[in-house]
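Okay, here's what each chain looks like letter by letter:
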Amino acid sequence: MLDGVSLDQLRTFIAVADEKSFSAAGRRLRRAQSVVSQTMANLEGQLGVKLFDRGAARQPVLTDQGRALLSDARAVAVDVDALKARAKNLAGGLEPELSVAVDVMFPLAPLTAAVAAFQPEFPSTLLNFEVESSAVVEPVFDGRCVVGLVGSWSRLPPNIAHEPLLTVRAPTIVSPRHPLATYHAPIPATVQAGHIQLIHMDPADVSPSRVSAIQSGRFWRLSHLGSKLAFLRAGLGYGCLPLHVIEADLASGALVQIVLEDAPPEGFVMVMSAINRTDSPPGPAGRWFMERLKQVVAEQRKESSIGAARFRSSIIEQQPRRS
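Bear in mind that the values here come from a model prediction, so they are computed numbers and not experimental data.

Caption draft 1: Region of interest: the overall build of the chain. A count of helices and strands for the chain gives 11 helices and 12 strands. Looking at the chain as a whole, 41% of its 323 residues qualify as buried. Carbon and sulfur atoms make up 56% of the accessible area of the chain, which totals about 17500 Å².

Caption draft 2: Main features of helix α2 (residues 22-29). Listing the buried residues of α2 in full gives F22, A24, A25, G26 and R28. Looking at the buried side of α2, the elements it contacts are α1 (7-19), α3 (33-47) and α6 (137-141).

Caption draft 3: Broad picture of the packing of helix α9 (residues 225-233) against helix α10 (residues 243-252). Viewed as axis vectors pointing N to C, α9 and α10 meet at an angle of 25 degrees, and their least axial separation amounts to 12 Å. Between α9 and α10, the angle is such that the two are roughly parallel. The way α9 lies across α10 gives a crossing that is right-handed. Contacts between α9 and α10 pair L225, L229 and R233 from the former with V245, I246 and D249 from the latter. When the residues that make up the contact of α9 with α10 are grouped by side-chain class, the tally is four nonpolar, no polar and two charged.

Caption draft 4: Local environment of the sheet that holds strand β7 (residues 172-174). Pairing is antiparallel in the open sheet, where three strands are placed in the order β10-β7-β11. On the outer flanks of this sheet lie β10 (239-240) and β11 (256-258), each paired with one strand and no other. Across two bridges, the pairing between β7 and β10 is antiparallel. Its bridge partner being in β10, T172 is matched across the sheet by C240.

Caption draft 5: Representation of the packing of aromatic side chains within the structure. Going through the model one piece at a time under the given rule, you end up with eight aromatic pairs. Between the aromatic rings of W220 and F231, the centroid separation amounts to 6.3 Å while the plane-to-plane angle is 80 degrees, which identifies the pairing as edge-to-face. Of the two residues, W220 sits in strand β9 (residues 219-222) while F231 sits in helix α9, which places them 11 residues apart along the sequence. Residue W220 is classed as partly exposed on the basis of its relative accessible area of 37%. Taken together, the ring pairs in this structure connect F118, F122, F129, W288 and F289 into an aromatic cluster. One Lys or Arg, R277, reaches over the ring of F141 and ends 5.7 Å from the middle of that ring.

Rules of the game
- Residues numbered from 1 in each chain as written.
- Predicted model: local features only at pLDDT ≥ 70, side-chain atom pairs only at ≥ 80, totals over all residues.
- Heavy atoms only, no water.
- Helix = DSSP H or I, 4+ residues; strand = E, 2+ residues; numbered from the N terminus.
- Buried < 20%, exposed > 50% of the residue type's maximum accessible area, 1.4 Å probe, protein only.
- Areas by Shrake-Rupley, 256 points an atom, 1.4 Å probe, with all protein chains shown as cover.
- Contact = heavy atoms within 4.5 Å.
- Axes fitted to C-alpha atoms, helices over the stretch in contact; angles between N-to-C directions.
- Parallel < 35°, antiparallel > 145°, perpendicular 65-115°, else oblique.
- Left-handed = near helix turned anticlockwise from the far one by under 90°.
- Nonpolar A, V, L, I, M, F, W, Y, C, P; charged D, E, K, R; others polar.
- Pairing = 2+ DSSP bridges.
- Phe/Tyr/Trp six-rings, centres within 6.5 Å; stacked < 30°, edge-to-face > 60°.
- Lys NZ or Arg CZ within 6 Å of the ring centre and 35° of its normal.

Now the structure itself:
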């Protein structure tokens, strides 16, 4: 019976153990709860041991045997992913098309620079970009995209590798005509509650990290970043947007930054990472694109640091010297 144990059963076992719920494991694997439950029952029958205690507790609890076998199941899954990745690398071959899923919060400057360098290097490889409001992990998980550029609010499945690229600061802003713009001190939560918060969120994304961004009992959810920016400019509410999106508005006075009592003074900081499936890594063109993107980010970060240092030096030089 042990020869009939499949990798699919082991991945289901790992998902149930991680999620501590058959229904949550089903959502993660995109399967019905009944299928997950039956898969676990079949695996337990083949192994001859009880992996989960399905007693009075509402959630399945690992038995001692289940805990002992879980690490082995994880090791098998990792080894198989490594085998697939190595086989793909050995097979070689240039991708005819490179599909990349991009979170709309990702800065366009480094992305554009990387694409400009990619085009002459791989003229026969077509580029396909899916710009998403927040649901970037799904097209990579499903295999529609090889690479994803995703924010730190997204929950990554175990078979998704990630590498941090850059950070994005998102200050809280309002129109200068908005009542909150008159506050010169951190705004208490009781005051925030009387105003509409504008939330940028994909309708399909209800992850805890995204829901926790809601700070007011009165909020409007917008799935389009441009709509949120237009609503903020019109004074319809307050909210956060990436600094690179609103720099011109802050400089012109079309928007002003406010500080909330229960939020970081400089705004929220988001880590943007490159992701890919561990069992289906990028090919030559995809690897080149990711390396080039990392190089562009490093170069722009260095230029930004030099510019900031020069700005600080000029401010110091302008200050009157004490006699």
